[in-house]
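Residues per chain are reported as follows:
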Number of protein chains: 2
Amino acid sequence: MPAVFAEDSVGLVTPQVAHFSEPLALACGRSLGDYQLVYETYGELNAARSNAVLICHALSGHHHAAGYHSADERKPGWWDSCIGPGKPIDTRKFFVVSLNNLGGCNGSTGPSSINPATGTPFGAEFPVMTVEDWVHSQARLADLLGIQQWAAVVGGSLGGMQALQWTITYPERVRHCLAIASAPKLSAQNIAFNEVARQAILTDPEFHGGHFQEQGVIPKRGLMLARMVGHITYLSDDAMGEKFGRGLKSEKLNYDFHSVEFQVESYLRYQGEEFSGRFDANTYLLMTKALDYFDPAAAHDGDLARTLSVAQADFCVMSFTTDWRFSPARSREIVDALLAARKNVSYLEIDAPQGHDAFLMPIPRYLQAFRGYMNRIEV
Amino acid sequence: MPAVFAEDSVGLVTPQVAHFSEPLALACGRSLGDYQLVYETYGELNAARSNAVLICHALSGHHHAAGYHSADERKPGWWDSCIGPGKPIDTRKFFVVSLNNLGGCNGSTGPSSINPATGTPFGAEFPVMTVEDWVHSQARLADLLGIQQWAAVVGGSLGGMQALQWTITYPERVRHCLAIASAPKLSAQNIAFNEVARQAILTDPEFHGGHFQEQGVIPKRGLMLARMVGHITYLSDDAMGEKFGRGLKSEKLNYDFHSVEFQVESYLRYQGEEFSGRFDANTYLLMTKALDYFDPAAAHDGDLARTLSVAQADFCVMSFTTDWRFSPARSREIVDALLAARKNVSYLEIDAPQGHDAFLMPIPRYLQAFRGYMNRIEV
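So, how was this worked out
- Residues numbered from 1 in each chain as written.
- Chains lettered and ligands numbered in written order.
- Predicted model: local features only at pLDDT ≥ 70, side-chain atom pairs only at ≥ 80, totals over all residues.
- Heavy atoms only, no water.
- UniProt positions renumbered as here; feature names shortened; annotations may be inferred.
- Core = buried A, V, L, I, M, F, W, Y, C linked by side-chain atoms within 4.5 Å.
- Buried < 20%, exposed > 50% of the residue type's maximum accessible area, 1.4 Å probe, protein only.
- Contact = heavy atoms within 4.5 Å.
- Domains from an automatic or database assignment.
- Buried area = accessible area lost by both parts, 1.4 Å probe.
- Polar contact = N/O pair within 3.5 Å; in protein donor to acceptor, adjacent residues only side chain to side chain.
- Salt bridge = Lys/Arg side-chain N within 4 Å of Asp/Glu carboxyl O.
- Helix = DSSP H or I, 4+ residues; strand = E, 2+ residues; numbered from the N terminus.

- An unreviewed UniProt entry lists chain A under the name Homoserine O-succinyltransferase, with Zestomonas carbonaria given as the organism.
- The Subcellular location (unreviewed entry) comment attached to chain A in UniProt states, word for word, "Cytoplasm".
- The annotation that UniProt attaches to chain A under Sequence similarities (unreviewed entry) is "Belongs to the AB hydrolase superfamily. MetX family."

**Section: the nonpolar core**
(1) Moving on: Counting 255 residues, the largest nonpolar core has W79(A), Y366(A), F370(A), W79(B), Y366(B) and F370(B) as its most contacted members.
(2) Moving on: Once residues lying within four places of it in the same chain are set aside, the contact partners of Y366(A) are W79(A), C82(A), I180(A), M318(A), F320(A), I350(A), A358(A), F359(A) and M361(A).

**Regarding the domain arrangement of chain A**
All names here are of chain A.
(1) Moving on: Taken domain by domain, chain A holds domain 1 (16-185 + 296-376) and domain 2 (190-288).
(2) Moving on: In this structure, domain 1 and domain 2 have C-alpha centres spaced 26 Å apart.
(3) Moving on: Taken together, the contact between domain 1 and domain 2 spans 30 residues of the former and 26 residues of the latter.
(4) Moving on: In total, about 2,300 Å² of surface goes out of reach between domain 1 and domain 2, with carbon and sulfur atoms giving 59% of it.
(5) Moving on: Considering only the side of domain 1, the residues that lose the most area to domain 2 are L59, W324 and R325, jointly responsible for 29% of the buried surface there.
(6) Moving on: For the pair domain 1 and domain 2, the number of links is 11 residue pairs in polar contact (both at pLDDT 80 or more).

**A look at the pattern of salt bridges**
(1) Moving on: Tallied over the full model, the rule gives 35 salt bridges over all chains.
(2) Moving on: Between E206(A) and R221(A) there is a salt bridge, and its shortest N-O distance comes to 4.0 Å. Residue E206(A) is found in the loop between helix 3 (188-202) and helix 4 (212-215), and its partner R221(A) is found in helix 5 (residues 220-234); the two are separated by 15 residues along the sequence.
(3) Moving on: Since its relative accessible area comes to 31%, E206(A) is described here as partly exposed.
(4) Moving on: On the accessibility criterion, R221(A) (27% relative accessible area) is partly exposed.
(5) Moving on: Here R269(A) and E195(B) are joined by a salt bridge, their closest N and O atoms 2.5 Å apart. Placement of the pair is R269(A) in helix 7 (residues 263-276) and E195(B) in helix 3 (residues 188-202), with the two residues belonging to separate chains. Accessibility classification places R269(A) together with E195(B) in one group, the buried group.

Right, here's the structure in full:
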């Protein structure tokens, strides 16, 4: 962290907590009574309350999207390259709201929270959430903050799915939708990778049916494997080749099974280890299920154009050439449906070697296009 | 199995066992004393001993490539579509040899064999094998069978790597090399997927450091996960979409973490379960290491053309459009190096939706090209 924050940083931010006591009905048929959402805001809500932007996070994301929680924080929020004074989501113009979704593990009510009915952590008893459930919970947060209509709802990957869902569920409450590196639904291959991750967690003996907290353990091995396989799908083959190639950790091969030989192995194990220490296994399961279930067109016999016909927003869709998790073709499905539904849509496919993770990176052409779209939004 | 074997089947086959007592020096620095290789043959060796074809298997393959072991066998050998009278590798013309590689778990000496030095299974003490080690062991089998020179060495995937290595290690002993759906070395992404599989096995509490046999258990969960992640890479996104799409097992979503909801989940779990019951975990580790280590050009500063310059064989390289494990681009690396080394090479990229597994499938254009090449071989 710099001693003095950069001019284009939102600087120090303090997470806030919103409490809700009216039960929230969920897609699974259950409802959630008391719950809380942790969120951050950047910039100022204008008098007309017309400049609010909602940030929706992806699988392992959270509310801390920009700035620093303390002068000691090593890294800023996860989308700091896109949010701040002069950045694509310019906090001199916009009032930005970023929350941790329900079911998360960063402060909002989720599986690791105490279930008031039992006095013990929810664990696996926490209801499975859907993208639509999240949108409803985000709408309540908007109500609380006095935001009747978002200038924009913005998200990458699973976050882009939430942005799309907003335009379907609350069409009158969204003026612009930005869906980046996203997809209208998962493919069989996408679901298959999620299933491997889930099985890694579910079959870890320390998962204890989702009640590992009471046992004082975490399913570390399962989470590690889940993150490793996920991570491979976030990077392009090229990016991995560029970054690690066939580089070795030491001078020569060890001819054993357990030592770390290739740099890419070392990187993946580190990513897995680090993740397993900070992320909740039940939340991981829940997030992958929300991804698998997302398929708004299913309600209209798979007709995405008809599904999106209710939207009142204008759309910006962006994808990255080497993203093979949600390839440009998946974004074009969204664009084609929007065009068929006669919506205003801008589409940009950005040439970037980083794969799916590109949406998190400060790629000049991406930031430029993102800024260009946001600048044209009237508030 | 048909009551009467089809005319183009090699029919009933009986595996044979070759014993070797001269120690085999291995790349890892260790050597293997007494060992055995299990193999099958199809067709007849001609008087000139000039019609022998060696089949090299891939990660989970074995010696049973064609025909049936009994009238009750449900399915024929794994490459039955390519080996038999009138098939691409025509057993009326060729004498075909197919073995289980050293380190395997189908009858050749491997981790589940008894270590004569200890009287207990080798387990994790079995030496890590390389593609070059296998080629040496296959050369000894050739010696035993009185085969001085192969008319062709043929393999898909990891098998193709062995075929390539033959032309480098024993250039005078190979007239034709067919490398199908293969690569000159693994990419970082390839290694990463192998590493996930290895970590799944190694971190399974029932792996017991590779000595699970003595404990009377198998690391079933680890093997299952390894196979699941492997299987995803064998199929194309399109093939998975075509086969399963987002189809559900039952009428509706269950909103839980553990039940099988999507058909692709059911398929993967079945594949994983079935595999974990028939494959040895140490062999799986060993096979992935052999894949990771394969990089013949490393001995020549990464110059594959120079590496292949010693070859005396003619080459046939084939790839499949939707194979993303070893994409056509990887085969073209081999072809480009062969052309630079002024070797005779035929290359065909086959339009096929099945992904990497296409090399095992009876795709008409593939079989036709394969047959065409084999028919032109003089014996």
